[in-house]
Amino acid sequence: MSESELKARIDFLKHGRWSERGQLAWEVIGKRPAAGSRSEVKSQRELKTLLRAHWKDAIYESEGKIRDSFDEALTLYQLYELAIETGYLPLDEVRQSIHGELSQLLWSEGARRYLKYYSYTSVAFLAKRVGVDLGFKEITVPRVRNQTEGRFASFLSQHVLWYSDDILDGWLGFLDDYLVIGDLNDADKEIFESFLNSSTKKFEEEAALWDFVAGADRLITRLAEVADMLSDDDKPYYGMFYAYWMAKMYGYDLGDEGFLRDKEQVDWSEQLVRSKRIRHQLNRASEELKKNKSNEVPENLLDLFVAKDKIVRNFWDVTRKQFETDPIQFR
Amino acid sequence: MAREFFDRQKEHWAYVRRRDLANEGLVIFVHGFRGSYLSTWGELANYLTEHADSDLNLAKWDYLFVGYETYSIGTFMAIAQIIASQWEKAAKQDPPFERNAYKDLAIFAHSLGTLGVRQLLCAISLQPQGMADALRKAVLFGSPLNGSHLAGLGGLGRFVDFAKGKPASLMPGSFRILDALKPENPELEMLHVWSKTIRTHGKGKFGPTRIILGADDHVVGRSTMVSWEDNSECTTSMDHRAMVKVANAGANTQGAVIDELRALR
């Protein structure tokens, strides 16, 4: 690989939107006080609280912003790991800089625990590759699957689109329990579920609710696009990159035992397919098109969604199976 | 031997070049609405990097994937200009094409990208010198020749606006190109007339175009499709998204796009 090619690849990864969004985390989480100082002890304690598992203790909005930023900061290292695994970047060219950055960002126990809580397995792999000891037990890093750099590039070119897609962004916010139309008494998820399960009942903010439908479809479309181009060997590694969103989409919870189907959580794909409202509107659209002498059959759109969803469910199954045993264990 | 793979995510292009000798043919790929320069084509870039040289026909060509951010595109002409400027760079042997003197060109496009290609073929003044002579074939997949009430939205999003009581604009206002995709919109009609005129009376070479349709293409609306003039057509059984996707199957990877590439002469 030429020097200019290498530089272009590294620059793009380093300066992507994920890095921009990760700035806050670097300021709050990535600044280590002098080793052994009293402020270091204090920071350790504060970061452990800030970066706790959300299923153990609810997260405040102000904390959520920093944690979201931390997720984005970690995205860069997930991308680096995939880039190295696929031969898109040679490890030797980035080892030193990644070593320095990971040592800084993950200096605290809280940050390291966060990797385990949220299955940032690929970051743990990367740390092992570059020689940063995060206090985990011996971990076996995936072999470098050379001859797949083009596949990584394709994946990256679609992932970038996530950052310029308001509809998808809105849906991810919904999955993450952000409140756009509801309030603490009547959350967006409850309103949306009720919207889908009724055919004609009037709702305030119906436009926003339809945007959720479009956003859910967009998420499945994007994930199906990724899954389609992956070999079976590749799937779990790319799948881990999107595990958080697939879990949220299909009603899984992340706990100490890994990802588990939580029957109290909604499987949103299933809800969409079963939705009375969507069926009702598809029928209306069909009637309208018939009046306009069009032969288009809107109902087929739901079949297309089901077909894409099938691809993504398989992607999710393969990913979960591979990581049934959590490879991140503290010594 | 695997090919050299250049990837410029920031500039939205990737280039797959033979290592052992300088090919004289270049295929340019152009994606559609809200696609990306690589993922639109699935595994294709990786497949060509790894396997093109073991196939007699694929080995003769180098491959350039170009793209754009859909929200920044206002007209078909804007896409035409992207293709034209890339070919101009290639013809002048500007980097990264400094090693190759390309004489042959083929253009493969999907959905909205196909209208940009048609625009380029009509706008002779926009074509870099020698482009028309170099053009061997334009292969257009899922071309919304008649627009679509719901084009660009894709999937379930297609009827969401209908449900909202607004016929066709779920997209943020910045997606100006969406207007040009509506049926009977002036830009599309103008392109059709322009295309017909150039084919009938033009002094330049329009170039052979091949249209690939999907029997299951609900985005373009296959059932209401009326062909434009002089196209060689082929109908696949696939839907709008799948018809250009190359799914991973290692050396045995297949796909409509690969079939069309193999048929290039």
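Caption draft 1: Fine view of the overall build of chain B. A count of helical and extended segments in chain B gives 7 helices and 8 strands. Split into buried and exposed, the 265 residues of chain B put 63% on the buried side. By sequence separation, contacts in chain B at least 24 residues apart represent 73% of the contacts at least 6 residues apart. Only carbon and sulfur atoms are counted for the fraction: they give 52% of the accessible area of chain B, which is about 9600 Å².

Caption draft 2: Quick peek at the pattern of salt bridges. Applying the stated rule across the entire model yields 43 salt bridges over all chains. The residue Glu-46 of chain A makes a salt bridge to Lys-42 of chain A at a minimum N-O spacing of 3.3 Å. Here Lys-42 of chain A and Glu-46 of chain A lie together in helix α4 (residues 38–50), a separation of 4 residues that amounts to about one turn. Arg-331 of chain A is the partner of Asp-133 of chain A in a salt bridge, and the nearest nitrogen-oxygen pair spans 2.9 Å. Note that Asp-133 of chain A is positioned in the loop between α8 (121–130) and α9 (149–159) and Arg-331 of chain A in the segment after α17 (299–322), a separation of 198 residues in sequence. According to the relative accessible area criterion, Asp-133 of chain A is partly exposed, its value standing at 48%. Each member of the salt-bridge network shares a partner with another, and the members are Glu-85, Arg-145, Arg-151 and Asp-234 of chain A together with Glu-43 of chain B.

Caption draft 3: How the structure looks around the nonpolar core. Counting residues in each nonpolar core, the largest one holds 134 residues, and the members touching the most others are Phe-155 and Phe-192 of chain A together with Phe-29, Leu-48, Tyr-63, Phe-65 and Leu-261 of chain B. When neighbours within four sequence positions are excluded, Leu-261 of chain B is seen to be in contact with Val-27, Phe-29, Leu-44, Leu-48, Leu-58, Tyr-63 and Phe-108 of chain B. Counting 42 residues, the second largest nonpolar core, distinct from the first, contains Trp-13, Tyr-68, Ile-73 and Ile-83 of chain B.

Caption draft 4: Representation of the sheet that holds strand β6 (residues 135–141) of chain B within the structure. Residues and elements named next belong to chain B. Spatial strand order, β1-β2-β4-β3-β5-β6-β7-β8: 8 strands in an open sheet with mixed pairing. In the strand order of this sheet, the two ends are held by β1 (4–8) and β8 (232–236), each with one partner. Neighbour-to-neighbour, the strand axes of this sheet turn through a mean angle of 15°, independent of strand direction. Direction of pairing for strand β5 (residues 104–110) relative to β6: parallel, over a ladder of 6 bridges. Counted as the bridge partner of His-110 is Phe-141 from β6. Of the strands in this sheet, β2 (13–17), β3 (25–30), β4 (61–66) and β5 are in contact with helix α2 (residues 76–91), which crosses β3 at around 155°. Sheet contacts for helix α3 (residues 112–122): β3, β5, β6 and β7 (209–214); angle to β5, the most-contacted strand, approximately 140°.

Caption draft 5: Representation of helix α6 (residues 91–105) of chain A within the structure. Residues and elements named next belong to chain A. The end-to-end C-alpha separation of α6 is 19 Å, in line with the 21 Å expected for 15 residues at 1.5 Å each. At Ser-97, α6 shows its maximal kink, close to 35°. Residues of α6 that are buried include every one of Val-94, Ile-98, Glu-101, Leu-102 and Leu-105, and no others. Residues of α6 that are buried in the fold lie against α1 (3–14), α3 (23–28), α5 (61–85), α7 (109–117) and α8.

Caption draft 6: Fine view of the pairing of β6 of chain B. Residue and element names in this part refer to chain B. The buried count for β6 comes to 6 of 7 residues, which makes it a mostly enclosed element. In terms of strand pairing, β6 meets β7 through 4 bridges, oriented parallel. The partner of Phe-141 across the bridge, within β7, is Ile-212.

Caption draft 7: Local environment of the confidence of the model for chain B. All names here are of chain B. Overall, the prediction assigns chain B a mean pLDDT of 81, with 78% of residues at 70 or greater. Per-element confidence in chain B ranges from a low mean pLDDT of 53 for helix α5 (residues 157–164) to a high of 98 for β4. Within the model, pLDDT remains below 50 along residues 150–155, and this stretch shows 20 contacts once partners closer than five positions in the same chain are excluded. For the stretch residues 166–174, pLDDT sits under 50, and the model shows 25 contacts to residues farther than four places along the chain or on other chains.

Caption draft 8: Local environment of the packing of aromatic side chains. Residue and element names in this part refer to chain A. Using the criterion set out here, one finds 36 aromatic pairs over all chains in the structure. When the ring of Phe-152 is compared with that of Phe-155, the centres are 5.8 Å apart and the planes differ by 50°; the resulting orientation is tilted. Note that Phe-152 and Phe-155 are positioned in helix α9 at a spacing of 3 residues, about one turn of the helix. Of the residues examined, Phe-155 reaches a relative accessible area of 0% and is grouped as buried.

Caption draft 9: Unusual backbone geometry, seen in detail. The peptide bond linking Pro-95 of chain B to Pro-96 of chain B adopts the cis configuration, its omega dihedral lying at 5°. Note that Pro-96 of chain B resides in the loop between α2 and β5. Of note in this structure, Ser-119 of chain A is not a glycine but carries a positive phi near 50°. With respect to the helices, strands and loops of the structure, Ser-119 of chain A is situated in the loop between α7 and α8. Classification of Ser-119 of chain A by relative accessible area gives buried; the value is 14%. The residue Gln-93 of chain B is not glycine, and still its phi comes out positive at about 60°.

Caption draft 10: Fine view of the pairing of β5 of chain B. Residue and element names in this part refer to chain B. When you tally the buried positions in β5, you get 6 out of 7 residues, the bulk of the element. Bridge count for β3 against β5 is 6 bridges, and the pairing is parallel. What sits directly across from Val-30, in β5, is Ala-109.

Caption draft 11: Geometry of the environment of Met-243 of chain B. Residues and elements named next belong to chain B. By secondary structure assignment, the location of Met-243 is in the loop between β8 and α7 (256–262). Judged by its relative accessible area of 1%, Met-243 is buried. For the pair Met-243 and Trp-61, spaced 182 residues apart in sequence, the C-alpha to C-alpha distance is 22 Å.

Caption draft 12: Broad picture of the side chain of Gln-271 of chain A. Residue and element names in this part refer to chain A. Examined against the element boundaries, Gln-271 turns out to sit in helix α15 (residues 268–274). What makes Gln-271 buried here is its relative accessible area of 9%. Residues in contact with Gln-271, not counting those within four places in the same chain, are Glu-193, Leu-196, Asn-197 and Val-266.

Calculation notes
Residues numbered from 1 in each chain as written. Chains lettered and ligands numbered in written order. Predicted model: local features only at pLDDT ≥ 70, side-chain atom pairs only at ≥ 80, totals over all residues. Heavy atoms only, no water. Helix = DSSP H or I, 4+ residues; strand = E, 2+ residues; numbered from the N terminus. Buried < 20%, exposed > 50% of the residue type's maximum accessible area, 1.4 Å probe, protein only. Contact = heavy atoms within 4.5 Å. Areas by Shrake-Rupley, 256 points an atom, 1.4 Å probe, with all protein chains shown as cover. Salt bridge = Lys/Arg side-chain N within 4 Å of Asp/Glu carboxyl O. Core = buried A, V, L, I, M, F, W, Y, C linked by side-chain atoms within 4.5 Å. Pairing = 2+ DSSP bridges. Axes fitted to C-alpha atoms, helices over the stretch in contact; angles between N-to-C directions. Expected span 1.5 Å × (residues − 1). Bend = angle between axes of the 7 residues up to and from the residue. pLDDT = per-residue confidence, 0-100. Phe/Tyr/Trp six-rings, centres within 6.5 Å; stacked < 30°, edge-to-face > 60°.

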